[in-house]
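Okay, here's what each chain looks like letter by letter:
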Amino acid sequence: MSYRVINQWSGGYQGDVTVTNLGSSISSWRLQWTAASGQTISQAWNATVTQSGAAVSATNVSWNGSLGTNGTATFGFISSWSGSNPVPGSFTLNGVACTGGVTTSPSPSVSPSPSVSPSPSVSPSPSVSPTLPPPTGSTPTAINGQLKVCGVNLCNQFGKPIQLRGISSHGLQWFPSCYNSSSLDTLANDWKADVFRIAMYVNEGGYVTDPAGYTSRVNSLVDQAEQRGMYAIIDFHTLTPGDPNANVENAKTFFQNVATRNANKKNVIYEIANEPNGVTWEQIRTYANQVIPVIKAADPDAVILVGTRGWSSLGVSNGSTHAEIVANPLTHSNIMYTFHFYAASHLDNYRTEVRNAAGRIPLFVSEWGTTSATGGGTVDLASSAAWLDLLDQLKISHVNWTYSDANESSAAFRPGTCSGSNYGTSQLTQSGQFVRSRIVTADSFPTS
Ligand code: IDC
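An account of the accompanying structure is given in this report. For clarity, every value in this text was computed on a predicted model and none was experimentally measured.

Definitions and cut-offs
Residues numbered from 1 in each chain as written. Predicted model: local features only at pLDDT ≥ 70, side-chain atom pairs only at ≥ 80, totals over all residues. Heavy atoms only, no water. Buried < 20%, exposed > 50% of the residue type's maximum accessible area, 1.4 Å probe, protein only. Helix = DSSP H or I, 4+ residues; strand = E, 2+ residues; numbered from the N terminus. Contact = heavy atoms within 4.5 Å. Polar contact = N/O pair within 3.5 Å; in protein donor to acceptor, adjacent residues only side chain to side chain. Near = heavy atom within 4 Å. Areas by Shrake-Rupley, 256 points an atom, 1.4 Å probe, with all protein chains shown as cover. Nonpolar A, V, L, I, M, F, W, Y, C, P; charged D, E, K, R; others polar. Pairing = 2+ DSSP bridges.

Listing the buried residues of helix 2 (residues 181–190) in full gives Ser 183, Leu 184, Thr 186, Leu 187 and Ala 188. Against strand 13 (165–168), strand 14 (195–201) and helix 3 (211–227) lie the buried residues of helix 2. The N-capping residue of helix 2, defined by a side-chain oxygen 3.0 Å from the backbone nitrogen of Ser 182, is Asn 180. Among the residues trailing helix 2, Lys 192 stands out with phi positive, at a value near 60°.

Structure below.
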């Protein structure tokens, strides 16, 4: 067993562990150890890691459990720590004491700059990446395949950090005519969007009024995105009430259906609660811990987005910060936390929060607008550009609100567009022109 701290920052570090099976062949493995004081693991990849007090248990995932004699498996994690160089101990593999070493001093301490913490050299699972053939298509999904979370990054099938750029539907209940083969062709081929978010409101005349109908509509849009090589975010668009627990049974039913139906697709990302508000992080966590297992039971490798406190502001709009998540994170693999902003309302203090959070927890901007938080008012292009420059620099994915012809300034198309079949640039609003210009530029998707 080799346990290495390969990156560290104030309050946390990234660990990389390789287990080697020195005995006869095994079909599954469990590495257990005792964490040092202050070490709490918040994220892990290529293993399922649980922690109770100081006792840590890491078990294989489906594809790396089988190890012949001298076979190895590598997994990674993010952990907090309270001091420097804490040394964990008492490592056992399937109950047998391990030989090997613990290395807790990486290169000199680095700042939590997200540009260094991704450490692409450790993200890919060594047992998988070298055997992957190169992509055969040029669409975002053909190149990137099944996504996963590596450290604080969204990573592609080659284990490399990527950024997705795209746009959200408006409420499916209000703008049914905006999502059709012509508008989605435009989004994929002319805008070159990587991701389309399917905003399925839960209340406000959405899912609860026709669960079967909305489930089927979402599935059909997933297929249409897949056919065009785009990722699809299935957004359980909770808004009112702000406590997602009010809809936990609806969420379980819905996600069980869509995750089972779409389990074999590589283009699906699940977003379990749009904007919790008026609730604590602990309440959101309670909800997430009921819904995530339902999705994982059906679609174990999917990336899942979790809304944060204060309308997905990482808590800032309710007087808190991301520290409450760092202190009490979700422990499932492939989780990202969402951050939403509206450029005319959310300025430098929110940007500072994102900068601070980005090296510590995986972030995904699943909704942002060029306008005020009402979805209307002035289009603030200066603030929008400052935001997107920051997100591009941090490689954080972003999804704009909205790909619709709503009569509000955040909409990308002029009112009336969706009653015709022309979704060309002449139909774009000021917001739509700006957003398209920031999505259409070439992607950077590393394949090796
Ligand atoms: C807004 C729509 C608006 C609609 C309203 C319903 O733009 O047409 O009348 O919802 O309540 C969010 C929400 C998103 C909001 C959007 C703009 O996720 O549902 O859409 N917004 O207000 N969070 C912050 C802003």
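Turning to the site of the ligand, a few remarks are in order. Around the ligand there are 14 residues in total, and Tyr 201, His 237, Glu 275, Ala 373 and Glu 408 lie nearest to it. In the environment of the ligand, an oxygen atom lies 3.1 Å from a nitrogen or oxygen atom belonging to the side chain of His 170. Interatomic distance of 2.7 Å between a backbone N/O atom of Ala 373 and an oxygen atom of the ligand. Relative to its unbound accessible surface of 510 Å², the ligand loses 74% to contact with the protein. Of the residues contributing to the shell around the ligand, the split by class is 6 nonpolar, 5 polar and 3 charged.

This next bit is on the sheet that holds strand 5 (residues 48–52). Read from one edge of the open sheet, 5 strands run 5-6-3-8-9, paired in antiparallel fashion. Of all the strands in the sheet, just strand 5 and strand 9 (96–97) have a single pairing partner and so form its edges.

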